[in-house]
Amino acid sequence: MTSRPFGHIEFCARQPNDCRRHKPGGSLSASNLSLLQSINTSVNKAIKPVSDIRQFGKPEYWTSNTKAGDCEDFALAKRAALKRRGFRASDLLLTMAYKGGQAHTVLVVRTRDGDFVLDNLNDRVVSVDKVAMSFVKMQAPTNGANWVTVTGKSSKR
């Protein structure tokens, strides 16, 4: 286990059902890649990029229901949309990384064919082994309130 991001702690206080234990999931089929692509693109177009300071007057405020937000908000909106489409929470993991020296949060979707990144800075859904990011930590698949350290990139199983 590792430390939880402050914004996630506050989000869990407001959305406790999103931050509970999960049954271990059966991995998703990559045949859902077109749905992942559609959700990624539609959320990227629906949310206007804006900082939490500018929008909420504080450094961190995570929400899945917004028309404007930062990278965590994009990732949470994609996670919520995929859960509504029947995806298991245990396969939809918020993940913190560094991209070009900047802290960044994305959604990683676990499938039988590997893990895929849904990123607000890229409309294409990309396998984790093909993104230019250094992953730091991600939500634990078995409990949405816990986070685990990532020591490298996931690869095809």
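What comes next is a walk through the structure. Source: prediction; values computed, not measured.

Analysis parameters
Residues numbered from 1 in each chain as written. Predicted model: local features only at pLDDT ≥ 70, side-chain atom pairs only at ≥ 80, totals over all residues. Heavy atoms only, no water. Helix = DSSP H or I, 4+ residues; strand = E, 2+ residues; numbered from the N terminus. Buried < 20%, exposed > 50% of the residue type's maximum accessible area, 1.4 Å probe, protein only. Areas by Shrake-Rupley, 256 points an atom, 1.4 Å probe, with all protein chains shown as cover. Contact = heavy atoms within 4.5 Å. Lys, Arg positive; Asp, Glu negative; His and termini not counted. Salt bridge = Lys/Arg side-chain N within 4 Å of Asp/Glu carboxyl O. Polar contact = N/O pair within 3.5 Å; in protein donor to acceptor, adjacent residues only side chain to side chain.

## Points about the overall build of the protein chain
In step 1: Each helix and strand in the protein chain was counted, giving four helices and eight strands.
In step 2: Its helices and strands taken in sequence order, the protein chain reads α-α-β-α-β-α-β-β-β-β-β-β from the N to the C terminus.
In step 3: The buried share of the protein chain, taken over its 157 residues, is 50%.
In step 4: Counting every atom, the protein chain has about 8,000 Å² of accessible surface; 50% of that belongs to carbon and sulfur.

## Focus: the side chain of His104
In step 1: Its location among the elements puts His104 in strand β4 (residues 102–111).
In step 2: Not counting chain neighbours up to four residues away, the residues in contact with His104 comprise Cys71, Thr95, Met96, Ala97, Lys99, Asp119, Asn120, Leu121 and Met133.

## Structural notes on the side chain of Lys78
In step 1: Turning to its location among the elements, Lys78 is positioned in helix α4 (residues 71–84).
In step 2: Asp119 provides the closest opposite charge to the buried, salt-bridge-free Lys78, at an N-O distance of 6.0 Å.
In step 3: Among the polar contacts listed, one links the side chain of Lys78 to the side chain of Asn40, at a separation of 2.6 Å.
In step 4: Among all residues touching Lys78, those that are not within four sequence positions of it are Ile39, Asn40, Val43, Asn44, Leu107, Leu118, Asp119 and Asn120.

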